[in-house]
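A structural walkthrough
Next come the chains, spelled out residue by residue.
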Amino acid sequence: IPAPASRTPAFDTLIHRLAILLALVMLTISPMALTALGWNYEAPGGSGPLRFHPATYLALFLFIAMLLRDGNPLASLLSAFGHDVRLSLFLIAFVIVVFHGVTNQQLPAAAPVDTFFLPFLLLLIVKRLEPKTLARMAWLVHFAFGINALIGLGEFLTGLRVTPYVAGGVAITDDWRSTALLGHPLGNALLTGCYATILMLGGGRQLLGWKRLAMIGLQFAAMVAFGGRASLVILVVFGVVALARVLLVFFAGSRLRLRHVTLLAIVLPALLAGIAALYELGFFDKFILRFLEDKGSAQARIVMFELFRGFTWPELLFGPPQVQLGYLVQVYRLEFGIESLWIAFSLYYGILPAILFFTGLLFYILALMDRCQRRGWIIMIYFFLVNSTFLGIAGKTISFANVCLILLLLLPKPRTGLAQPARASYQASLAKGPLPC
């Protein structure tokens, strides 16, 4: 059915371009790149507006443009929350915890805004974008991860960096792990693992056949360059499970195409020979050394539990003094910080606020999964398993927003009913009277 002509062509063009720009900024401009460009994002002090990632500003502008396009911004805003009460519950928990962190814990608001409010805006935005915009954004995801993997491998082999490795305002020069486009090596490995898992699960239908296999192989190779041990180990486990499922389906009587057998007969020996050659050339030496000499990273994950002994129960429940927490981190020589999402968040905000927030975050994830295929739960499990091994989303990052974006673009739930523009279906819902909850 042909789509009716739009009554807001100027707004539609603006929204299309802002959406493409938003995806491009999220996938190519890391916090380290912002620091190199003079955007005071992670260093202490500096201008308040520069404490937020540009993607957060773009998402906010894009959402406002969508509200204005509807003709009644207030009704459109209320309807955005009324159609899914879980988003309202998440927003309530988010506001309470951020207010507690700013007023009682003296924590900056920029970290939770970039980490969790940006994904919240994405969920409201993506479902209202046109199919052609979503298709171009999906291609942009594939292109960005392909370029990111190539840059990561180039940095790994040459020792040069596109983005300087900076942590806490200090340049890191003795770390071989690549930063590429997505910044921190662990964050790079996490997002690369999520993307590779989506491809193995059949998501991202833009890539088919040999292109999909080549992209998966490229992402696995890049994981070595990024040096994420937990990310790669869990990815390999998921890959083995996916391969075992394919074999079980075959033995259960599934049809086997001759071209697939031919492709497997060519690719598998070449892949094994390539891995053996890379091993002989020392490609995996640095990565293997991280398992043997982790510079105390594994020990830090055990010592961090000693931090709880330095506070009383009321302080642990409602948030310990951050000055004392920083002092204990230095006493226990946790050079890498608190390497666990759950422990770090509980010590930053308190156990009870952490429980409240993660309950609200669960409502958000449920709303997100309603817009994605069931296989998206595997990506979410992978994301939080890896986050449990380092600071992750307890700090300041847009990695959670990136994961939500690629889930919504590469594993979307198929739309049902007659084809019509997203703007038309959403505007029609505004005229139905009371808001459904």
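If you're wondering where the values come from, they're calculated on a predicted model, not measured in any experiment.

Conventions we followed
Residues numbered from 1 in each chain as written. Predicted model: local features only at pLDDT ≥ 70, side-chain atom pairs only at ≥ 80, totals over all residues. Heavy atoms only, no water. Helix = DSSP H or I, 4+ residues; strand = E, 2+ residues; numbered from the N terminus. Buried < 20%, exposed > 50% of the residue type's maximum accessible area, 1.4 Å probe, protein only. Areas by Shrake-Rupley, 256 points an atom, 1.4 Å probe, with all protein chains shown as cover. Phe/Tyr/Trp six-rings, centres within 6.5 Å; stacked < 30°, edge-to-face > 60°. Contact = heavy atoms within 4.5 Å. Axes fitted to C-alpha atoms, helices over the stretch in contact; angles between N-to-C directions. Parallel < 35°, antiparallel > 145°, perpendicular 65-115°, else oblique. Left-handed = near helix turned anticlockwise from the far one by under 90°. Nonpolar A, V, L, I, M, F, W, Y, C, P; charged D, E, K, R; others polar. Core = buried A, V, L, I, M, F, W, Y, C linked by side-chain atoms within 4.5 Å. Expected span 1.5 Å × (residues − 1). Salt bridge = Lys/Arg side-chain N within 4 Å of Asp/Glu carboxyl O. pLDDT = per-residue confidence, 0-100. Patch = residues over 30% accessible without salt bridge, like charges linked within 9 Å, V, L, I, M, F, W, Y side chains within 5 Å. Polar contact = N/O pair within 3.5 Å; in protein donor to acceptor, adjacent residues only side chain to side chain.

1. Re the overall build of the protein
- Scanning the protein from terminus to terminus reveals 20 helices and two strands.
- For the protein, the proportion of its 437 residues judged to be buried stands at 47%.
- Entry remark: accessible area of the protein is about 21700 Å², with carbon and sulfur atoms responsible for 71%.

2. What about the packing of aromatic side chains?
- Counted under the stated rule, the structure contains 22 aromatic pairs.
- Ring geometry for F94 versus F117: centroids 6.0 Å apart, planes at 20 degrees, classification stacked. Highlighted residues: F94 in helix α5 (residues 85-103) and F117 in helix α6 (residues 110-126), separated in sequence by 23 residues.
- Residue classification places F117 among the partly exposed positions, given a relative accessible area of 22%.
- Residues F116 and F357 carry aromatic rings whose centres are separated by 4.6 Å and whose planes lie at 65 degrees to one another, so their mutual orientation is edge-to-face. Taken together, the residues span a long stretch of sequence, with F116 in helix α6 and F357 in helix α17 (residues 351-369) at a distance of 241 residues. F357 carries the same exposure label as F116, and that label is buried.

3. Side note on the side chain of N402
- Relative to the helices and strands, N402 resides in helix α19 (residues 399-410).
- Excluding residues within four positions of it along the chain, N402 makes contact with M26, L27 and L191.

4. Topic: the packing of helix α8 (residues 185-200) against helix α18 (residues 376-387)
- Relative to each other, α8 and α18 sit at 160 degrees, their axes nearing to 10 Å. The orientation of α8 with respect to α18, classified from their angle, is roughly antiparallel. α18 is crossed by α8, and the crossing has right-handed handedness. Of the residues in α18, those touching α8 at A189, L190, G193, C194, T197 and I198 are I378, I379, Y382, F383, V386 and N387.
- When grouped by side-chain class, the residues that make up the contact of α8 with α18 number nine nonpolar, three polar and no charged.

5. Some thoughts on the packing of helix α1 (residues 9-28) against α19
- The N-to-C vectors of α1 and α19 enclose an angle of 130 degrees; their axes lie 10 Å apart at closest approach. Between α1 and α19, the angle falls in the class oblique. Handedness of the α1/α19 crossing: left-handed. Residue-level contacts link A23, M26 and L27 of α1 to A401, N402 and L405 of α19.
- Considered class by class, the residues forming the contact of α1 with α19 number five nonpolar, one polar and no charged.

6. Overview of unusual backbone geometry
- In this structure, Q106 is a non-glycine residue whose phi angle is positive, near 55 degrees.
- Here Q106 lies in the loop between α5 and α6.
- At A180, a residue that is not glycine, the phi angle is positive and equals roughly 50 degrees.
- Here A180 lies in the loop between β2 (170-171) and α8.

7. Some words on the nonpolar core
- In this structure, L361, Y364, L368, F400 and L407 are the most contacted members of the largest nonpolar core, which totals 114 residues.
- Residue contacts for Y364: discarding those within four places in its chain leaves L87, F90, P119, F120, L123, F400 and C404.

8. Regarding α6
- Taking 1.5 Å of rise per residue, the 17 residues of α6 would be expected to cover 24 Å, and the 23 Å separating its terminal C-alpha atoms lies within 8% of that figure.
- The element α6 is largely enclosed, with a buried count of 16 among its 17 residues.

9. Looking at α17
- The end-to-end C-alpha distance of α17, which contains 19 residues, comes to 26 Å, matching closely the 27 Å that a straight helix rising 1.5 Å per residue would cover.
- Residues of α17 that are buried include every one of P353, A354, F357, F358, G360, L361, Y364, I365, A367, L368 and M369, and no others.
- Contacts made by the buried residues of α17 are with α5, α6, α14 (313-318), α16 (341-349), α18 and α19.

10. Some points on the pattern of salt bridges
- For the coordinates displayed, the defined rule picks out five salt bridges.
- One salt bridge in this structure joins R69 and D12, with 3.1 Å as the shortest N-O distance. Linking R69 in helix α3 (residues 54-69) with D12 in helix α1, this pair joins segments that are 57 residues apart in sequence.
- Judged by relative accessible area, which is 4%, R69 ranks as buried.
- What makes D12 buried here is its relative accessible area of 15%.
- We note a salt bridge from D84 to R86, for which the minimum N-O separation is 2.9 Å.

11. Brief notes about the confidence of the model for the protein
- For the protein, the average pLDDT comes to 82, and 82% of its residues sit at 70 or higher.
- Per-residue pLDDT stays below 50 along residues 431-437; that stretch engages in five contacts with residues further than four places along the chain or on separate chains.

12. Concerning a nonpolar patch on the surface
- On the surface, V85, L89, I92, I96 and L356 cluster together into a nonpolar patch covering about 400 Å² of accessible area.
- The leading source of residues in the nonpolar patch is α5, at four residues.
- Exposure remark for L356: the relative accessible area of 36% places this residue in the partly exposed category.

13. Quick word on the side chain of T192
- Along the polypeptide, T192 turns up in helix α8.
- On the accessibility criterion, T192 (0% relative accessible area) is buried.
- Engagement of the side chain of T192 in a polar contact is seen with the backbone oxygen of N188, the distance being 2.7 Å.
- With near-sequence residues (within four places) excluded, T192 lies in contact with F145, N148, Q219, M223 and F226.

14. Looking at the environment of I398
- Structurally, I398 can be placed in the loop between α18 and α19.
- Sequence-wise, I398 and S30 are 368 residues apart; in three dimensions their C-alpha atoms are separated by 8.5 Å.
- Beyond its immediate stretch of four places on either side in the chain, I398 contacts M26, Y41, H53, D114 and L118.

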